[in-house]
Amino acid sequence: MSMKLKFRTPAKVNLTLNILRKREDGFHELETILQMVSLYDELELESLPLGIELECDTPGIPTDETNLACKAALLLQETCRVEDRGVRIRLKKNIPFGAGLGGGSGNAAGVLMGLNRLWNLNMSREKLAILAAELGSDVPFFVTSPCALGVGRGEQLEVLAPCSKFQVLLVFPGFPIATPWVYQNLKLKLTKRENNISILRKFLSLSDIASLGSQLHNDLEPVVIQRFPEIQIIKDELQARGALGVLLSGSGSTVFGIFNDPEKARVACAGLNGEWERVVTETIGSFSEFLPGEILNYQ
Ligand code: C5P
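Definitions and cut-offs
- Starting from 1, residues in each chain are numbered consecutively following that chain's sequence as written.
- For this predicted model, a pLDDT threshold of at least 70 governs which residues receive local features, and a threshold of 80 or more governs which side-chain atom pairs are given and counted, while totals over whole chains, interfaces and linings are taken from all residues.
- Computation of side-chain values covers all heavy atoms of the structure but excludes hydrogens and water.
- A run of H or I in DSSP counts as a helix once it spans at least four residues, and a run of E counts as a strand once it spans at least two, with each numbered from the N terminus.
- Our radius of gyration looks at C-alpha atoms and nothing else; its globule reference is 2.2 Å times the residue count to the power 0.38.
- Method for areas: the Shrake-Rupley scheme with a 1.4 Å probe, in which residue coverage is limited to the protein chains shown.
- Positive residues here are Lys and Arg, negative ones are Asp and Glu, while His and the chain termini are left out of the count.
- Working definition for charges: the position is that of NZ of Lys, CZ of Arg, CG of Asp or CD of Glu.
- The rule for a residue being near a molecule or strand is that one of its heavy atoms must lie within 4 Å of it.
- Definition of a polar contact: a pair of N or O atoms within 3.5 Å, with one able to donate and the other able to accept a hydrogen when the atoms are protein atoms, and with sequence-neighbouring residues admitted only if both atoms are side-chain atoms.
- The residue classification treats Ala, Val, Leu, Ile, Met, Phe, Trp, Tyr, Cys and Pro as nonpolar and Asp, Glu, Lys and Arg as charged. All others, Gly included, are polar.
- In this analysis, rings of Phe, Tyr and Trp, with Trp reduced to its six-membered ring, are considered paired at centre separations within 6.5 Å, and the interplanar angle assigns stacked below 30 degrees, edge-to-face beyond 60, and tilted for intermediate values.
- Burial classes: relative accessible area under 20% of the type maximum marks a residue as buried, over 50% as exposed, and values in between as partly exposed (1.4 Å probe, protein chains only).
- The rule for a charge over a ring is simple: NZ of Lys or CZ of Arg within 6 Å of the ring centre, and within 35 degrees of the ring normal.

> Can you walk me through the overall build of the protein in this structure?
A count of helical and extended segments in the protein gives 11 helices and 11 strands. For 299 residues, the compact-globule estimate of 2.2 N^0.38 gives 19 Å, and the C-alpha radius of gyration of the protein, at 19 Å, lies within 12% of that figure. Projecting the C-alpha coordinates of the protein onto the three principal axes gives extents of approximately 55 × 45 × 35 Å. For the protein, the computed accessible surface area is about 13500 Å², with 51% contributed by carbon and sulfur atoms. Seen as two clouds, the 31 positive and the 35 negative side-chain charges of the protein have centres 2 Å apart.

> How do you make sense of the site of the ligand when you look at a structure like this?
Every residue close to the ligand is listed here: G26, F27, H28, L30, G136, S137, R153, T179, P180 and Y183. Here H28 contributes a side-chain N or O atom positioned 2.8 Å from an oxygen atom of the ligand. Contact distances for the ligand include 3.0 Å between a nitrogen atom and a backbone N or O atom of R153. Bound to the protein, the ligand loses 72% of the 450 Å² it would expose on its own. Listing elements by their share of the shell around the ligand, those giving two or more residues are β2 (28–48) and α5 (179–184). Top element by residues in the shell around the ligand is α5. It accounts for three residues. For the shell around the ligand, the class distribution of residues is four nonpolar, five polar and one charged.

> Would you take a moment to explain the packing of aromatic side chains for this structure?
Ring pairs (aromatic) are described by centroid distance and by the angle formed between their planes. The final tally for this structure, using the stated rule, is five aromatic pairs. Ring geometry for F141 versus F142: centroids 5.1 Å apart, planes at 70°, classification edge-to-face. Residue classification places F141 among the buried residues on the basis of a relative accessible area of 0%. Seen from their ring centres, F175 and F228 are 4.9 Å apart, and the 25° between their planes marks the pair as stacked. Residue F175 is found in the loop between β7 (167–172) and α5, and its partner F228 is found in the loop between α8 (221–227) and α9 (230–240); the two are separated by 53 residues along the sequence. On the accessibility criterion, F228 (17% relative accessible area) is buried. Each residue in the set Y40, F287 and F290 is aromatic and connected to the rest through ring pairs, giving one cluster. Sitting over the ring of Y40, R8 keeps its end group 3.9 Å from the ring centre. Above the plane of the ring of F27 lies R153, whose end atom (NZ or CZ) is 5.1 Å from the centre.

Right under this line is the structure:
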């Protein structure tokens, strides 16, 4: 008899992203604070006797083994030597692709956690996080904690206690940005600015959103704004509408503004001049806000 699991996978924003140096392996050493927000893709996993299949409602998203969700299922199959178990993955995308919101990474993490349950693999979250790192730098975050400090290439995580909920207005300019292009065009400064991580951590722990907003920083922003000036226009608009802080998320293309009042966030969202897709989200404080108990309570 086939079994089904249905659940959601969230988006993330980077509240800060500092690039430290380029590594020998081509990746960049960085420090980032990642925070899950309440924009979700929908995943359905249905057990099959054999094979890995993916269906996606959004045209343009690959449904073959190049999709990170399929890669996650394949990696789990190989690692746990369960080639005799299969899955049909149905994916409904709400998180835009190439947006710096980690949508694909969240999907892959969801497949790992869901299949762990569906295939009765009994793997710990720590083991899943190690597998997740093989899939991409952001994937381990989505199996670890709603808020975390990421170092290394972003895959080494320290769990941060969630701060009280605040609103994150996401503005998507309508075009994707390829992460490798951003890193390739990065001009690393020799004189480094002062490290803001400890200050940000302090404001997070105090749930001081106004001070947090004043400290948002992303080293990838200048190269992206130079190539896509519309990003600066969105930043200026968000600032003018009263956001406490405004930043490009990850390598873009989404710009977000933070608010400590849902009504102010809604008014800003409605008032933005521009044809951009936008949505008011709020920060996620616990996995239980989006994962069903049967996955959550496993291991
Ligand atoms: O790990 P992920 O697949 O998300 O990385 C995509 C690309 O982004 C890498 O191929 C690399 O070009 C760049 N990257 C980087 N340093 C990081 C993370 C990503 O240079 N820490």
